[in-house]
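These are the residues of each chain, in order.
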Amino acid sequence: MILVGLFAPVLGTISDIQRHRKHYLVIFTVISVIFTFMIGATGSVLAALLFFIVANFGCQMATVFYNALLPNVVRREKISLASGLGRMFAYSGALLAMLLSASVIERHGYQVVLMGSAFAFLIFALPAMIFIPDKEYDRGRPLSSFFNRQHIAPVFKRIRDAWASGTEYQQMRLFLLMFFWGMCAYQTVVLFLSVYVGEVFGLNERDIIKLIFFSTLFAIGGSFIFGFFGDRFGPKRVMKIIFGLWIAAFIGGAFLGPPFHWVIGAMIGLAL
């Protein structure tokens, strides 16, 4: 995540100047696919951790440019709904993957599933990588033109000005701070939910999978519902409701025990 924090603003700024997002989407998606496959292919824990760092970096960076392409495929007044539908399909895919992989895990372990996940990621990313238009692309500014001192300096100046200037970017700074703290909570839950419910609630592996499956059902519904209401009532109002759900879920997770983990799982699914 530190690597994402360092590279995302720089490459994001270059893509804004160049007005080209799609080739970054392709590059980082392919990186994530390759190294996700390699996690499953290795027998070394250290190598798997290093491959995960690269795979996660590729996935997080690809998401930056995937999101930036959203206005190219939908009208601005429908962006929240389109984003919600995208998340709905994403969680539906996760649900299907859990159903399909359960018997494979029991027979062959998690490594085979990781390799299959990499292959599925590539297949389902192909339509975006091939068909989404890059409407504003300035073909006169190839990526290689930015790798010299003359062109790199304006990139960092633009980033510095955006953060240091007065009122023009004030709302953006507030948004980034909100996003940072919100994503801290989000990433913690995604990474540690299974560990937490196993250690704190005493769930075994099968029960943990059932809980994640249950939460994902609510994530599918929440994605569509909040996407719809985001366009209808404004994304800021909806975000307040979502943050309220997060707070309630964290308090519940800290003070309640079974069988309330089902309620907490549903709230986390909606909030995701």
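Residues numbered from 1 in each chain as written. Predicted model: local features only at pLDDT ≥ 70, side-chain atom pairs only at ≥ 80, totals over all residues. Heavy atoms only, no water.

## Concerning the pattern of salt bridges
Rules: Should a side-chain nitrogen of Lys or Arg be within 4 Å of a carboxyl oxygen of Asp or Glu, the pair is scored as a salt bridge. Type-normalised accessible area, obtained with a 1.4 Å probe on protein chains alone, sets the label of each residue: buried when under 20%, exposed when over 50%, and partly exposed for intermediate values. Helix and strand assignments come from DSSP, with helices taken as H or I runs of at least 4 residues and strands as E runs of at least 2, each series counted from the N terminus.
Per the counting criterion, the structure on display carries two salt bridges. As a salt-bridge pair, Glu77 and Arg75 come within 2.7 Å of each other at their nearest N and O atoms. Looking at Glu77, the relative accessible area reads 48%, which means it is partly exposed. With a shortest N-O distance of 3.0 Å, Arg206 and Glu106 are connected by a salt bridge. In this pair, Arg206 sits in helix 8 (residues 205–233) while Glu106 sits in helix 4 (residues 79–108), placing the two residues 100 residues apart along the sequence. You'll find Arg206 and Glu106 in the same group, each marked exposed.

## Observations concerning unusual backbone geometry
The omega torsion of the bond from Pro258 to Pro259 falls at 5°, within 30 degrees of zero and hence cis. With respect to the helices, strands and loops of the structure, Pro259 is situated in the loop between helix 9 (235–255) and helix 10 (261–271).

## As for the packing of helix 8 against helix 9
How we decide: Here an axis means a line fitted to C-alpha atoms, over the contact stretch when the element is a helix, while the angle between two N-to-C directions is reported on a 0 to 180 degree scale. Working definition: roughly parallel below 35 degrees, roughly antiparallel above 145 degrees, roughly perpendicular at 65 to 115 degrees, and oblique for all remaining angles. Here a residue-residue contact requires only that any non-hydrogen atoms of the pair lie within 4.5 Å. Classification convention: Asp, Glu, Lys, Arg as charged; Ala, Val, Leu, Ile, Met, Phe, Trp, Tyr, Cys, Pro as nonpolar; all other residues, Gly among them, as polar.
Where helix 8 contacts helix 9, the axes come no closer than 7 Å and their chain directions differ by 140°. Judged by the inter-axis angle, helix 8 sits oblique to helix 9. For the pair formed by helix 8 and helix 9, the contact residues are Phe226, Phe229, Gly230 and Phe233 on the first element and Pro235, Arg237, Val238, Ile241, Ile242 and Leu245 on the second. When grouped by side-chain class, the residues that make up the contact of helix 8 with helix 9 number eight nonpolar, one polar and one charged.

## Quick notes on the side chain of Ser223
On the secondary structure map, Ser223 appears in helix 8. By relative accessible area, Ser223 is classed as buried at 9%.

## Here we look at helix 1 (residues 2–18)
Condition: By this rule, a helix spans an expected 1.5 Å times one less than how many residues it contains. One axis is fitted to the seven residues ending at the residue and one to the seven starting there. The bend at that residue is the angle between these axes.
Relative to the 24 Å expected for 17 residues at 1.5 Å per residue, helix 1 spans 25 Å between its end C-alpha atoms, a close match to the ideal helical length. When the local axis directions of helix 1 are compared, the greatest deviation, roughly 30°, occurs at Ala8, which is followed within four positions by the proline Pro9. Residues of helix 1 that are buried include every one of Val4, Ala8, Val10, Leu11, Gly12, Thr13, Ile14, Ser15, Ile17 and Gln18, and no others. Note on helix 1: the residue one or two positions beyond its end, Arg19, has a positive phi of about 60°.

## Quick word on the packing of helix 4 against helix 5 (residues 110–131)
It is at 7 Å that the axes of helix 4 and helix 5 come closest, and there the two elements cross at 135°. Classed by the angle they form, the pair helix 4 and helix 5 counts as oblique. Packed against helix 4, whose contacting residues are Ser101, Val104, Ile105 and His108, the element helix 5 presents Tyr110, Val112 and Val113 at the interface. Residues that form the contact of helix 4 with helix 5 fall into these classes: five nonpolar, two polar and no charged.

## Let's talk about the environment of Ala128
Mapping Ala128 onto the fold places it in helix 5. For the pair formed by Ala128 and Lys22, sequence separation is 106 residues and the distance between their alpha carbons is 8.8 Å. Once residues within four sequence positions are removed from consideration, Ala128 is found in contact with Lys22 and Leu25.

## Re the packing of aromatic side chains
Just so we agree on the cut-off: We call Phe, Tyr and Trp rings a pair once their centres come within 6.5 Å, taking the six-membered ring for Trp, and we label the pair stacked below 30 degrees between planes, edge-to-face above 60, and tilted otherwise.
Overall, the coordinates contain 12 aromatic pairs when judged by the stated rule. On the numbers, 5.9 Å between centres and 55° between planes, the contact of Phe35 with Phe51 is tilted. One end of the pair, Phe35, is in helix 2 (residues 22–41); the other, Phe51, is in helix 3 (residues 45–68), and 16 residues separate them in sequence. Taking 5.0 Å as the distance between ring centres and 65° as the angle between the ring planes, the aromatic pair formed by Phe214 and Phe218 counts as edge-to-face. Of this pair, Phe214 and Phe218 both sit in helix 8, four residues apart, which is roughly one turn of the helix. Here a set of aromatic residues connected by ring pairs shows up, and it is made of Phe7, Tyr24, Phe28, Phe57 and Phe65.

## Considering the environment of Val74
Topologically, Val74 is positioned in the loop between helix 3 and helix 4. Separated by 24 residues in the primary sequence, Val74 and Leu50 have C-alpha atoms spaced 37 Å apart. Leaving out residues up to four positions away in the same chain, Val74 has contacts with Ile79 and Ala82.

## Some remarks on helix 7 (residues 170–199)
Here helix 7 is 30 residues long and its end C-alpha atoms lie 42 Å apart, about the 44 Å a rise of 1.5 Å per residue gives. Phe192 marks where helix 7 bends most, by close to 60°.

The values are spatial; any link to function lies outside them.
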